[in-house]
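Given next are the chains, with one letter for each unit.
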Amino acid sequence: MMDIKMEDQKTQTKTTQSLTMVQAINDALKTMLEQDETTILLGEDIGKNGGVFRATEGLQEQFGEDRVIDTPLSESGIVGTSIGLAVNGFKPVCEMQFMGFIYPAYDQIMTHASRLRMKTMGHYSVPMVIRAPYGAGIRAPEIHSDSMESIFTHMPGVKVVCPATPKDAKGLLIAAIEDPDPVIFMEPMRSYRAQREEVPTEKYQLPIGKGEKIKEGDDVTIITWGAMLSVAKQAAEQAESQGIGCDVLDLKTLYPLDRNLIAESVQKTGRAVIVHEAHQTGGLSQDILSVINDTSFLYLRAPIERVTGFDVPVPFFALEDHYLPTAKRVLSSIEKAVHF
Amino acid sequence: MSFKSPLEGIDEKFEMIQILNEDGEIVNEDAMPDLSDEDLVEIMRRMVYTRVLDQRSIALNRQGRLGFYAPTAGQEASQIGSHFALEKEDFLLPAYRDVPQLIWHGLPLYQAFLFSRGHFHGNQMPEDVNAVSPQIIIGAQITQAAGVALGLKRRGKPNVAITYTGDGGASQGDFYEGINFAGAYQAPAIFVVQNNQFAISVPVEKQSAANTIAQKAAAVGVPGFLVDGMDVFAVYQVVKEARERAVNGDGPTLIETMTYRYGPHTMAGDDPTRYRSEDMNDKWEKRDPLVRFRKFLEGKDLWSEEKENEVIETAKEEIKAAIKKADGHDKQKVTDLISIMYEELPSNLKEQMEEYKEKESK
């Protein structure tokens, strides 16, 4: 059980509700809009339409057009105005409709949001969250399916968070909004409605920078996050039926990495398989490899395996299933590591 | 279908507003700003001071005592005139040539010099100065200004966000996105484009097929004005009215000031003789903002050579003292930088900090 920070434990009424991830995100946004006057949502179609994924459903109606703002279709404008709001004392939560649409805003994030604290020696911070649905698997058109965490983990000054479950999504999103630094909040759109989970109705935060061991096993460590968690778990179950025990780690935060979690597990198993759907070259798996190299090199019993997207743009969706790592590919890497 | 008709008559709608001509004469009595004699003298004092600051900054840069510097001479009416129309609580988002407005908004001179020297303290605005430090990425401040303005509106503050860019900045996507955003939400913003005719070396004619930058406002439903940027009255008055309009909830304004920088783009090796002629320089120097305002004030017996020399001497003294103060300021350390990256430092940065601590202790 993660250390969930309950902010009000007095309530005796119903303390959880069954939610999908997209509902949990909606609940987190609603909670923050209720509790913090300075929280403002900005994005394309987030108002009357409730967002293309309905993550902001009903929020404009409840909190008004001043706090849930339907913006012009202008990603750089959304992030630029959010920076302006942030230096003016607000906590903007802006939505990129898809992570693949974030590129026009890259300049604002890279040259301003990430640097303002540093260049003013803390006079200004940018307490902003950029929500970005990411990843392939929902048969969306070109550019809608990118998974570009590593361009942001390579950007000093921002944090990158990526939940895999409804409960984590709520707790991490609240933590991201409360965080005084800018957070890129990646939402696995494939998981938006894939599962329901009992989610606490209260306001709670999960710590940014902490991952979690989802499954315990002695032979190999599988390291992943977001939509790939279910793929990794499936592979781990198949491996178990062959007598291979897997530690499955859900990183949850991609910057800063939970290095202790990775090191402890790999030092126990001596083997690691890293799974992500982003392209391999320059992917976050390389930083995870470095963590293992720095902390656990002499514990290794086999080369570290990587199961990732290929070094091609996420293809048109007729091919996306071939691009995405599958449980079969993960299992084959587990076997390779164990039988080295 | 006539492809000419949509553009017909557009230039007449954006004729340049002038109040004080090159000879120091009022040519538009109706538009005269309501300024006291003290205000008039103060505007002149600031313009002269800013000209001296520019000359001294260039000299200090050549002596190796300042770093990054973008000369300002020629643009005093645009800079001082627009700033003088503001209130203390208004929020400034300047570009890198707009250090004078920051100084008159309250940034101490020694900090402006530290900014020039690449010291972070130059970016730390005093608590009572509503501003961000000068923008380096061309046009990026324009969307941010829309956001600051949106925040002012939401708080019900009787203030504006004002941002500055140059003619090159008006070609950026953020220029459109920022003004469009502010227009759509009637945010209290003022967008000033100081058209000094060149984006480094590229003439404004090559930036756009539009004859004015001011007319670009029409595309987003926002008023745009073309102003004589060497005429401090015209700049002041248009910004003043734009400010009132914004504070009254009537939305943003785009203002293009026609001006000229006498010096190079920056002191980092730009050679303007490669792209500007002597003729052109002469033509613009005849329009000088200080010369025409001095004539006007002398005509009213409000200014004299003696007074001007006094301002020049005071400026020189204060600059000297500020350089001394900047010299004495704490050197910045790598560990200071690392420690400020996040409110709570991640473990990788803690490790990197330890590494540098050791180096710095040697």
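Residues numbered from 1 in each chain as written. Chains lettered and ligands numbered in written order. Predicted model: local features only at pLDDT ≥ 70, side-chain atom pairs only at ≥ 80, totals over all residues. Heavy atoms only, no water.

### What about the domain arrangement of chain B?
Now for step 1: The assigned domain composition of chain B is domain 1 (13-330) and domain 2 (332-362).
Now for step 2: Each of domain 1 of chain B and domain 2 of chain B has a C-alpha centre, and these two points are 38 Å apart. (Domains from an automatic or database assignment.)

### Concerning helix H5 (residues 109-116) of chain B
In an α-helix, one turn spans 3.6 residues; hence positions three or four apart end up facing the same way.
Now for step 1: Counted residue by residue, H5(B) has 8 buried out of 8 residues, so it is predominantly covered.
Now for step 2: Within H5(B), the full set of buried residues consists of Leu109(B), Tyr110(B), Gln111(B), Ala112(B), Phe113(B), Leu114(B), Phe115(B) and Ser116(B). (Buried < 20%, exposed > 50% of the residue type's maximum accessible area, 1.4 Å probe, protein only. Helix = DSSP H or I, 4+ residues; strand = E, 2+ residues; numbered from the N terminus.)

### A look at the interface of chain A and chain B
Now for step 1: With 45 residues of chain A at the contact, the number on the chain B side is 41 residues.
Now for step 2: Between chain A and chain B, roughly 3600 Å² of surface is buried when both sides are summed, and carbon and sulfur atoms account for 59% of that area.
Now for step 3: With a shortest N-O distance of 3.6 Å, Arg117(A) and Glu343(B) are connected by a salt bridge.
Now for step 4: When contributions to the side of chain A that touches chain B are tallied by element, the ones reaching two or more residues are strand E3 (39-43), strand E4 (68-70), helix H3 (75-87), helix H4 (106-113) and helix H5 (116-119) of chain A.
Now for step 5: The dominant element in the side of chain A that touches chain B, judged by the number of residues it contributes, is H3(A), at 10 residues. (Contact = heavy atoms within 4.5 Å. Buried area = accessible area lost by both parts, 1.4 Å probe. Salt bridge = Lys/Arg side-chain N within 4 Å of Asp/Glu carboxyl O.)

### Brief notes about the nonpolar core
For soluble globular proteins, nonpolar side chains are generally found buried alongside one another.
Now for step 1: If you look at the biggest cluster of nonpolar residues, it comprises 84 residues, and the most contacted ones within it are Ile109(A) and Ile288(A).
Now for step 2: Considering every element that reaches this core, the biggest residue donor is helix H6 (residues 140-155) of chain B, with 7 residues.
Now for step 3: When residues no more than four places from it in sequence are discounted, the contact partners of Ile109(A) are Val79(A), Ile102(A), Ser114(A), Ile130(A), Phe152(A), Met155(A), Val158(A) and Ile184(A).
Now for step 4: Counting residues in hydrophobic clusters, the runner-up holds 63 residues, among them Leu86(B), Phe113(B), Val235(B) and Tyr236(B). (Core = buried A, V, L, I, M, F, W, Y, C linked by side-chain atoms within 4.5 Å.)

### Comments concerning empty space enclosed by the protein
Now for step 1: Taken as a whole, this structure holds 5 cavities of 30 Å³ or more when the rule is applied.
Now for step 2: The space that makes up the largest cavity amounts to roughly 160 Å³.
Now for step 3: Around the largest cavity, the lining is made up of 16 residues, and of these Ser57(B), Tyr69(B), Val99(B), Ala112(B) and Ser116(B) lie nearest the centre.
Now for step 4: Grouping the amino acids of the lining of the largest cavity by side-chain chemistry returns 12 nonpolar, 3 polar and 1 charged.
Now for step 5: When its volume is computed, the second largest cavity comes out at roughly 90 Å³.
Now for step 6: What lines the second largest cavity is simply Ile83(A), Gly84(A), Val87(A), His112(A), Leu116(A), Lys119(A), Leu93(B), Val132(B), Ser133(B), Gln135(B), Gln144(B) and Val148(B).
Now for step 7: Counting only elements with at least two residues in the lining of the second largest cavity, the list comes to H3 and H5 of chain A together with H6 of chain B.
Now for step 8: It is H3(A) that provides the largest number of residues to the lining of the second largest cavity, a total of 3 residues.
Now for step 9: Taken together, the residues that form the lining of the second largest cavity break down as 6 nonpolar, 5 polar and 1 charged. (1 Å grid on protein atoms, 1.4 Å probe; cavity = no way out; pocket = protein on both sides within 12 Å on 5 of 7 lines; lining within 4 Å. Points joined across faces, edges and corners; volume = space filled by probe spheres on them. Nonpolar A, V, L, I, M, F, W, Y, C, P; charged D, E, K, R; others polar.)

### Side note on a nonpolar patch on the surface
Residue and element names in this part refer to chain A.
Now for step 1: Together, Phe297, Leu298 and Tyr299 make up a nonpolar patch on the protein surface, roughly 400 Å² of accessible area in all.
Now for step 2: On the secondary structure map, leucine 298 appears in the loop between helix H10 (284-296) and strand E16 (305-309).
Now for step 3: In this structure leucine 298 comes out as exposed when scored by relative accessible area, which is 79%. (Patch = residues over 30% accessible without salt bridge, like charges linked within 9 Å, V, L, I, M, F, W, Y side chains within 5 Å. Areas by Shrake-Rupley, 256 points an atom, 1.4 Å probe, with all protein chains shown as cover.)

### Remarks on helix H1 (residues 21-35) of chain A
Now for step 1: In a regular helix each residue adds 1.5 Å, so 15 residues correspond to 21 Å; H1(A) covers 21 Å between its end C-alpha atoms and thus fits that length.
Now for step 2: Across the 15 residues of H1(A), 11 count as buried, placing the element largely inside the fold. (Expected span 1.5 Å × (residues − 1).)

### So, the UniProt feature "domain: Dehydrogenase E1 component" (unreviewed entry) in chain B
Now for step 1: Per the UniProt annotation, the sites labelled "domain: Dehydrogenase E1 component" (unreviewed entry) are residues 44-333 of chain B.
Now for step 2: Helix makes up 45% of residues 44-333 of chain B and strand 11%, with an end-to-end C-alpha separation of 40 Å. (UniProt positions renumbered as here; feature names shortened; annotations may be inferred.)

### Regarding the UniProt feature "coiled-coil region" (unreviewed entry) in chain B
Now for step 1: The UniProt feature table records "coiled-coil region" (unreviewed entry) at residues 305-362 of chain B.
Now for step 2: As annotated, residues 305-362 of chain B has a helix share of 78% and a strand share of 0%, and its two end C-alpha atoms lie 56 Å apart.

### Structural notes on the packing of aromatic side chains
Now for step 1: Taken as a whole and judged by the stated rule, the model has 16 aromatic pairs over all chains.
Now for step 2: Judged by centre distance (6.1 Å) and plane angle (50 degrees), the rings of Phe84(B) and Tyr236(B) are tilted. Here Phe84(B) is found in helix H3 (residues 76-84), whereas its partner Tyr236(B) is found in helix H8 (residues 232-247), with 152 residues between them in sequence.
Now for step 3: By relative accessible area, Phe84(B) is classed as buried at 16%.
Now for step 4: Through a chain of ring-to-ring contacts, the aromatic side chains of Phe53(A), Phe98(A), Phe101(A) and Tyr192(A) assemble into a single cluster.
Now for step 5: The side chain of Arg287(B) reaches across the aromatic face of Trp284(B), ending 4.3 Å from its centre.
Now for step 6: Between Lys359(B) and the ring centre of Tyr356(B), over which it is positioned, the NZ or CZ distance is 4.7 Å. (Phe/Tyr/Trp six-rings, centres within 6.5 Å; stacked < 30°, edge-to-face > 60°. Lys NZ or Arg CZ within 6 Å of the ring centre and 35° of its normal.)

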